[in-house]
Amino acid sequence: HQFWNEVKWQDVIYIIMVVAYVMWEFVELGQRGVKYFQSGWNLLTVLTLSLHVCTLGSRYVYMNESDFTKGLREEQDSNLTANFSKQSRAFSNFIFFAALNVVFVWFQLVHYLSDCVPKIEVLVNTVYRALTPVCFLVVIVSDVFFGF
């Protein structure tokens, strides 16, 4: 299949890293049992790993749908019409999962940096305490904005 011709060494490294990370978390889950899910950071890790797997899966689907476009380029018939809905939907899904993944990876980066730099943990705790008032402020401003 032409999909494997499109896979680059960076893709292989990313796949290996995701598989290793998933296995590492399964080992930790086996050691800690149900207590694993009591930590918010571990829930963030599960979410991030799920997004990594969804990103890989959606990229695979997109690359398989791209075969249609490659075949279309080879056609010489000028009256040929094409439907790109499958390919565009697959690309949209890939971009969606990749974008969500990037956002949550930043949260994980803050978690890992807080282990190295104690001041970041103070920042995380401050933001966490301010989260509820900020959410209420957003609701009030949205109500005023959409109410008028």
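Look up a bit, the structure's there.
Computed from a predicted model, the values in this text were never measured in an experiment.

A.B. asks: Quick question: what am I supposed to make of the overall build of the protein here?
C.D. replies: Helices and strands together make up the secondary structure of the protein, namely five helices and zero strands. The order of α-helices and β-strands along the protein, N terminus first, is α-α-α-α-α. Taking the intrachain contacts of the protein between residues at least 6 apart in sequence as the baseline, contacts between residues at least 24 apart amount to 67%. Surface summary for the protein: the accessible area is close to 11400 Å², and the carbon and sulfur share equals 69%.

A.B. asks: Quick question: what am I supposed to make of the packing of aromatic side chains here?
C.D. replies: Within a pair of aromatic rings, the relevant descriptors are the distance that separates the centres and the angle that separates the planes. Applying the stated criterion to the full structure yields seven aromatic pairs. Aromatic pair F96 and F97: ring centres 5.5 Å apart, planes at 65°, arrangement edge-to-face. Plain terms: the ring middles of F145 and F146 are 5.1 Å apart, the flat faces sit at 75° to each other, and that makes the pair edge-to-face. Accessibility expressed as a relative area gives 62% for F145, which makes it exposed. Within the aromatic cluster, the residues linked to one another by ring pairs are Y62, F91 and F94.

Criteria and cut-off values
- Residues numbered from 1 in each chain as written.
- Predicted model: local features only at pLDDT ≥ 70, side-chain atom pairs only at ≥ 80, totals over all residues.
- Heavy atoms only, no water.
- Helix = DSSP H or I, 4+ residues; strand = E, 2+ residues; numbered from the N terminus.
- Contact = heavy atoms within 4.5 Å.
- Areas by Shrake-Rupley, 256 points an atom, 1.4 Å probe, with all protein chains shown as cover.
- Phe/Tyr/Trp six-rings, centres within 6.5 Å; stacked < 30°, edge-to-face > 60°.
- Buried < 20%, exposed > 50% of the residue type's maximum accessible area, 1.4 Å probe, protein only.

Fair warning: the whole summary comes from geometry, so function is off the table for now.
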